[in-house]
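A look at the structure
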Amino acid sequence: MKLAPICGLLGLLSSPLWAAVSGTVVEQNTLTPIAGAHVRVQADLSSPVAITNAAGEFTLAIEPTDQITLGAAVAYDPNGSINWVTHTAPANNGQTNVVIELPRLPATDNPAYQPPTAVLCGICHEEQHEQWLTSRHAGAATNPWVLDLHSGSGTPGGAAGYVFTDLHDPGETGFCATCHTPMIDVFTPGMVQLNEVVDPAALDGVSCLACHQIGDVDAGNINGLHHVGGKSQYRFPDNSDHPTDFYVFGSLADVQAGTMRNSFSDLFADSRMCAACHQYNNPDTGAPGQNTYVEWLASPYAQPGPDFRSCQDCHMPQADGPGLIAVTAQRERPAEQRHSHSFVGSTPATLSANVLLTVNAVSDDQDIVVDAAVQNLAGHSFPAGVSVRNAILAIEVLADGQPLVQTAGPVIPFYGSDEVPGIQPGDLADLPGKGFAKVLEGRINGAGPVVRPVLFIDAENVFANTIIPSGQTDQSQYRFAIPAGFSGNVQVSARLLYRRAWRALAVTKGWTITPGGQPIEIEVAAAQVSVPVGSGLLPNAIPTMGLPALLLIFGTLGLIGLVRSRRS
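Residues numbered from 1 in each chain as written. Predicted model: local features only at pLDDT ≥ 70, side-chain atom pairs only at ≥ 80, totals over all residues. Heavy atoms only, no water.

**Topic: the overall build of the protein**
- Scanning the protein from terminus to terminus reveals 14 helices and 25 strands.
- With the principal axes as the frame, the protein shows a C-alpha extent of 115 × 95 × 35 Å.
- A total of 568 residues make up the protein; the buried ones form 45% of that total.
- Taking the intrachain contacts of the protein between residues at least 6 apart in sequence as the baseline, contacts between residues at least 24 apart amount to 65%.
- Counting every atom, the protein has about 28200 Å² of accessible surface; 57% of that belongs to carbon and sulfur. (Helix = DSSP H or I, 4+ residues; strand = E, 2+ residues; numbered from the N terminus. Buried < 20%, exposed > 50% of the residue type's maximum accessible area, 1.4 Å probe, protein only. Contact = heavy atoms within 4.5 Å. Areas by Shrake-Rupley, 256 points an atom, 1.4 Å probe, with all protein chains shown as cover.)

Spelled out as C-alpha cells, the structure:
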C-alpha cells in the first residue's frame, strides 16, 4: 500500500478550503458589462477592493466562511452620460459566477418633483433624523436672526435697525433662501423671499435631501452662491418605477438597490460638499460672504497625510460603535461608516478645545509689559462663517483695584461696543485688547454713504480682516504705566470672548441668546497673572557686621590658608 498519496490527501482535507470570489458587474436589464466598478464585501472595512476590467469582470481575493454580500458601485460622474445606482449580490467561498446588476441612474430630471419633508427620511433613518433635528441645519429656514435681518419678522424686536426688505428695491430677495431653504429655492434660484416660504418641506431648511440630492459642487466656480449660477448641481431623477425622493447620493459604495436608490459619490467625503453653502461671494461686487472652504484649503488639515481632516471629520464625527444605518438594514455598519448628523459647530466646548490663549506679564520698573498669544487650532479661521461673528481679546491691568493707564499696544475696535449712548455693560471698544473679525463695508442698496459693518449682500469691500487663519497664532503686546511709588502686586487678566453677532446688532435687535439656545457671547479662554512691583523685587540687604564678627571671619580664612600651604 502506498501511504504518500493518502497522507497528501488527508493533509489537503485538513487545511482550510480557500478560493477567490469572482464574477461580473453588469447593467441591470441590458446586462451590459460595466468597467471601473468597485467591488467589496458589504460593511467590511477590511475587505479588499476589486476594480472591474473592460468586460466587467472582477476577482476578489477573500476567504469567507459563510455566505457574504458583495457591493458594487461606480462613483457618480456629473459629466458622464451614464451613471448607476449601487447594488449588491450574495456570494460564497470560491464562487466564480457572481453577477452584480447595477440599475442605471435616470439621466433626466422630474419636472414635477415636489420634495417631501424630512419626516419621510426619518421613518427608516431614525437615528440620523433625530440627530439632524438638533442641528442648526434643521432650523435654517426659520432662523429668527436671519428673518430679523431679512424682513424683521423673526423676533419681537426684529424690525429695529437693519431690515433688508425695507432698505432694498422691491422684489430683491437677498438670496437668504438660497442656502437657508434650498429645496424650494432650487427651482427658481435666487427668486424666493425667505419670509414667504410656507411649504412644509422647504421649512425643513437644510434637510436630508438638501444635501443628499446634490450631485456636484463645481470647484471652478467655488465662490458662486450655491445653485445660483450653477455652482451646485442638484439631481431629481425621473423614473416611473421609483419616486424621485428615493434617489439619493451617499458616501457608501455597497448599498443595496431596494426602495432607496443610492448612487455612490466621492463628494460626500470631500470638504467641497460643504462649500455649496459655506463658500460664496457677493454675486455683484465679489466681496466675500463666507470663506470657510477656502480657509480650510489653506489650513494644515487640508494637506495629505496622517493629520488630514475634512469638514466632515470634525463636524460629522464617526459614531461610538457599530449599528444600523436604517431600521430596514440587514447588516450593521462599523462605526467608521456611521456619522453624526448633529453638525456641531461653535460651542463653548469646541471653541475652548480649538482656540488657546497664553498670557505673560513682567515689570520693567516703568511699565507692566503684557504679551498675549491666541492660537487657532481649528480647521478654518477664527472666527469663521458669516461676517457678523467676531471675537474680542480684552486685557485688564489693575493695581489696588484701579486700572493702569495703557501706554502702548492695540485697543479693541469700534465693534466691541453697541451704539447706545454711554457705556453699557459689555461695551469694550477702545479698551486694551484686540478684535478678530472680517469687517465688510459698502453702500446699502448700492446708494448713499459707505457704512460698516454691512452684511455680504451690501458689501463692496473688506474694511478690515483680522481673523486668525488655521494653524496660526496672533501675538500682541501691551504696556501699562506703573504708578509712581507703587509697591505691591499688579493683577493682569485677559479674556477671549466669542460673539456670534456684532454687539451693536444684537443690542438693537434685542438678541440675548442664539436661535439654537446658545449664549450670544462665549468666554473661550481666560488667564490671570500677578506681577510683583516695587521693593518686593529688590534683593535683601546685606546685614551689618560688628568688629568681633569680622575678626572671626578673617582669622578663620587665615587659618584655612595656613593649613593648605603646609599640605602643599
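And the narrative resumes.
**Overview of the sheet that holds strand 1 (residues 21-27)**
- Spatial strand order, 4-1-7: three strands in an open sheet with mixed pairing. Either end of the sheet is taken by a strand with one partner, and the two such strands are strand 4 (57-60) and strand 7 (98-102). Between one strand axis and the next, the sheet turns by 30 degrees as a mean value, whatever way the strands run. (Pairing = 2+ DSSP bridges. Axes fitted to C-alpha atoms, helices over the stretch in contact; angles between N-to-C directions.)

**As for unusual backbone geometry**
- Pro 383 follows Phe 382 through a cis peptide bond whose omega is -10 degrees.
- Inspection of the secondary structure assignment puts Pro 383 in the loop between strand 15 (367-376) and strand 16 (390-399).
- Note the cis peptide between Arg 452 and Pro 453, where omega equals -10 degrees.
- Tracing the sequence through the fold places Pro 453 in the loop between strand 21 (450-451) and strand 22 (461-465).
- Within the chain, Phe 175 stands out as a residue other than glycine whose phi angle is a positive 60 degrees.
- Looking at the secondary structure, you find Phe 175 in the loop between helix 5 (164-167) and helix 6 (176-180).
- What makes Phe 175 partly exposed here is its relative accessible area of 23%.
- Non-glycine residue Asp 430 carries a positive phi angle of around 75 degrees.

**Some remarks on the packing of aromatic side chains**
- Scanning the model with the defined rule gives eleven aromatic pairs in all.
- Geometrically, the ring pair formed by Tyr 113 and Phe 236 is tilted, given 4.8 Å between the ring centres and 40 degrees between the ring planes. You can see Tyr 113 sitting in the loop between strand 7 and helix 2 (118-124) and its partner Phe 236 sitting in the loop between strand 9 (232-234) and strand 10 (247-250), a full 123 residues away along the chain. The two residues Tyr 113 and Phe 236 agree in class, both being buried.
- Aromatic pair Trp 145 and Trp 511: ring centres 4.2 Å apart, planes at 10 degrees, arrangement stacked. Of this pair, Trp 145 sits in helix 4 (residues 144-151) while Trp 511 sits in the loop between helix 13 (503-509) and strand 25 (521-533), and the two are 366 residues apart along the sequence. Take Trp 145 and Trp 511: they sit in the same class, and that class is buried.
- Taking the ring centre of Phe 463 as reference, the NZ or CZ of Arg 452 above it sits at 4.0 Å. (Phe/Tyr/Trp six-rings, centres within 6.5 Å; stacked < 30°, edge-to-face > 60°. Lys NZ or Arg CZ within 6 Å of the ring centre and 35° of its normal.)

**As for the pattern of salt bridges**
- Across all of its chains, the model carries 14 salt bridges by this definition.
- A salt bridge links Asp 367 to Arg 479; the shortest N-O distance between them is 3.1 Å. With Asp 367 in strand 15 and Arg 479 in strand 23 (residues 473-481), this pair connects stretches of sequence that are 112 residues apart.
- For Asp 367, a relative accessible area of 11% gives the class buried.
- Between Asp 427 and Arg 503 there is a salt bridge, with the nearest N and O atoms lying 2.7 Å from each other. Separated by 76 residues along the polypeptide, Asp 427 in the loop between strand 18 (406-408) and strand 19 (433-436) and Arg 503 in helix 13 bring together distant segments of the chain. With respect to class, Asp 427 is no different from Arg 503; both count as buried.
- Here the residues in one salt-bridge network are Asp 216, Asp 270 and Arg 272, joined through shared partners. (Salt bridge = Lys/Arg side-chain N within 4 Å of Asp/Glu carboxyl O.)

**Focus on the sheet that holds strand 23**
- Spatial strand order, 14-15-23-18: four strands in an open sheet with antiparallel pairing. Lying at the two open borders of the sheet, with one neighbouring strand each, are strand 14 (355-363) and strand 18. Strand-to-strand twist in this sheet, taken as the mean axis angle between neighbours without regard to direction, amounts to 30 degrees.

**Side note on the environment of Val 146**
- Positionally, Val 146 belongs in helix 4.
- You can call Val 146 buried: its relative accessible area is 16%.
- A sequence separation of twelve residues divides Val 146 from Gly 158, and the C-alpha atoms of the two residues are 9.6 Å apart.
- Dropping the residues within four chain positions of it, Val 146 is found in contact with Cys 176, His 180 and Leu 194.

**Details of the state of the cysteines**
- Going through the model one piece at a time under the given rule, you end up with zero disulfides.
- Looking at Cys 124, it has no disulfide partner, and the nearest cysteine sulfur is the one in Cys 121, 9.1 Å off.
- With no disulfide partner, Cys 208 has as its closest neighbouring cysteine sulfur the one in Cys 121, 3.9 Å distant. (Disulfide = S-S within 2.5 Å.)

**Description of the side chain of Thr 52**
- Tracing the backbone shows Thr 52 in the loop between strand 3 (50-51) and strand 4.
- With relative accessibility at 5%, the residue Thr 52 sits in the buried group.
- Of the polar contacts made by the side chain of Thr 52, one reaches the backbone oxygen of Ile 34; its length is 2.8 Å.
- At a separation of 2.8 Å, a polar atom in the side chain of Thr 52 contacts the main-chain amide nitrogen of Ala 37. (Polar contact = N/O pair within 3.5 Å; in protein donor to acceptor, adjacent residues only side chain to side chain.)

**Here we look at helix 4**
- Counting buried residues in helix 4 gives seven out of eight residues, a clear majority hidden from the surface.
- Those residues of helix 4 that fall on the buried side of the exposure criterion are Trp 145, Val 146, Leu 147, Asp 148, Leu 149, His 150 and Ser 151.
- For helix 4, the N-terminal capping position is held by Asn 143, with its side-chain oxygen 2.9 Å away from the main-chain nitrogen of Trp 145.

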